Amino acid sequence: MRIAIVSPSFPPQGASGIGSYSMHHAAGLARLGHAVDVFTWLDTGADNEESWPGVSVHRIPNYSFVSVLFKVTDVVWRSFCRISQLDREVASWGFIRNLRGSLTIALVFLLRYRTAFDVIETPEWGAPGAFLHLVTRRGVRVVKCHASVYSHAIHFRPYERAAHADLVCASMLERLSLNHAHAVLSPSRALLPDIRGNLGFHRTVHVVPNEINPEVCSYLKDKALHVAGHAASGIRPFTVLS
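Residues numbered from 1 in each chain as written. Predicted model: local features only at pLDDT ≥ 70, side-chain atom pairs only at ≥ 80, totals over all residues. Heavy atoms only, no water.

**A word on the overall build of the chain**
In terms of helices and strands, the chain carries seven helices and eleven strands. Of the roughly 12,000 Å² of accessible surface on the chain, 59% is carried by carbon and sulfur atoms. (Helix = DSSP H or I, 4+ residues; strand = E, 2+ residues; numbered from the N terminus. Areas by Shrake-Rupley, 256 points an atom, 1.4 Å probe, with all protein chains shown as cover.)

Written as structure tokens, this is what we have:
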């Protein structure tokens, strides 16, 4: 199968939990014989296209006018959130980040990849894939729930004040992606209260553990990726959360 993985960042330029998961997951799927394409848009100073055995990495360029547009939008949105809550320190980064990712990915797939993939996976609760159902004509859309802007705000509320408007709009994109996915996965049962309660998603959720090696990788000058030890070995049979 031809599989697409949508990740906000991807090693070595982008260091994040979702980027690490996406790297190992792509390597494991490639070892099983699948053709994997990774799409990422938050990395800077990176080559637009690169590849290693079985995997093609597409680093979507951060054009200057796009960055300026979203910076201006972010300033306006942050000001609105602070004024509406009369709080100069309130956090409001989730919605604009999710919006940028969802619009970027939708545009890329609309212009080049409408019918290219059998499976499209969006980790991190899938917000960047919120509009994929509008621009793709084939492919199974899968969301792998790792971290949600909404759930982060709930759990870290004593340490970070999140703007109510930002939570509502960010979770709207996350919920949109979940509702239009063909399958929703979770690496742990511990996320069930967030999925069910905070985002109000009541369809079937499948538990698929993340089987990765903590020894990450070494990245050589020729950009050939060598995974140290055992990467993802494949997808186990689904365990259904009731």
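**Observations regarding the nonpolar core**
Core analysis: the biggest nonpolar cluster contains 18 residues, and Ala26, Val36, Val38, Trp52 and Val55 have the highest contact counts within it. Listing elements by their share of this core, those giving two or more residues are strand E1 (2–6), helix H1 (17–31), strand E2 (35–40), strand E4 (55–59) and strand E7 (183–186). At five residues, the largest contribution of residues to this core is made by H1. One finds Ala4, Ile60, Phe109 and Phe117 within the second-largest nonpolar core, a separate group that totals 15 residues. (Core = buried A, V, L, I, M, F, W, Y, C linked by side-chain atoms within 4.5 Å. Buried < 20%, exposed > 50% of the residue type's maximum accessible area, 1.4 Å probe, protein only.)

**What about unusual backbone geometry?**
For leucine 86, which is not glycine, the phi dihedral falls at a positive 55 degrees. Position of leucine 86 relative to the elements: it lies in the loop between helix H2 (64–85) and helix H3 (94–112).

**Observations concerning H1**
Here H1 spans 21 Å end to end across 15 residues, near enough to the 21 Å set by a 1.5 Å rise per residue. Most of H1 sits inside the fold, with twelve of its 15 residues counted as buried. Three or more residues of H1 are buried, namely Ile18, Gly19, Tyr21, Ser22, Met23, His24, His25, Ala26, Ala27, Gly28, Leu29 and Ala30. Positioned one or two residues after H1, glycine 33 has a phi angle of 100 degrees, which is positive. (Expected span 1.5 Å × (residues − 1).)

**Thoughts on the pattern of salt bridges**
Taken as a whole and judged by the stated rule, the model has three salt bridges. With its nearest N and O atoms 3.2 Å apart, the salt bridge here joins arginine 2 to aspartate 37. With arginine 2 in strand E1 and aspartate 37 in strand E2, this pair connects stretches of sequence that are 35 residues apart. A residue is classified by how much of its surface remains accessible, and arginine 2, at 31% relative accessible area, is partly exposed. Notably, a salt bridge pairs arginine 78 with aspartate 74, separated by 2.2 Å at the nearest N-O pair. Placement of the pair is arginine 78 and aspartate 74 together in helix H2, with a separation of four residues, close to one helical turn. The class for arginine 78 is partly exposed, based on a relative accessible area of 27%. (Salt bridge = Lys/Arg side-chain N within 4 Å of Asp/Glu carboxyl O.)

**Thoughts on the pairing of E1**
Among the five residues in E1, four count as buried, and that is most of the element. Of the strand pairs in this sheet, E1 and E2 are connected by five bridges, and their pairing is parallel. Across the sheet, isoleucine 5 pairs through a bridge with valine 38, a residue of E2. Bridge count for E1 against strand E5 (residues 119–123) is three bridges, and the pairing is parallel. Bridge pairing in E5 links isoleucine 3 to valine 119. (Pairing = 2+ DSSP bridges.)

**A closer look at the packing of H2 against H3**
In the contact formed by H2 and H3, the axes pass within 10 Å of each other and the chain directions differ by 150 degrees. Relative to H3, H2 is oriented roughly antiparallel. You can see that H2 and H3 cross each other, and the crossing is right-handed. Every residue of H3 that contacts H2 at Val66, Ser67, Phe70, Thr73, Asp74 and Trp77 is listed here: Phe95, Ile96, Leu99, Arg100 and Leu103. Within the contact of H2 with H3, the residues separate by chemical class into seven nonpolar, two polar and two charged. (Axes fitted to C-alpha atoms, helices over the stretch in contact; angles between N-to-C directions. Parallel < 35°, antiparallel > 145°, perpendicular 65-115°, else oblique. Left-handed = near helix turned anticlockwise from the far one by under 90°. Contact = heavy atoms within 4.5 Å. Nonpolar A, V, L, I, M, F, W, Y, C, P; charged D, E, K, R; others polar.)

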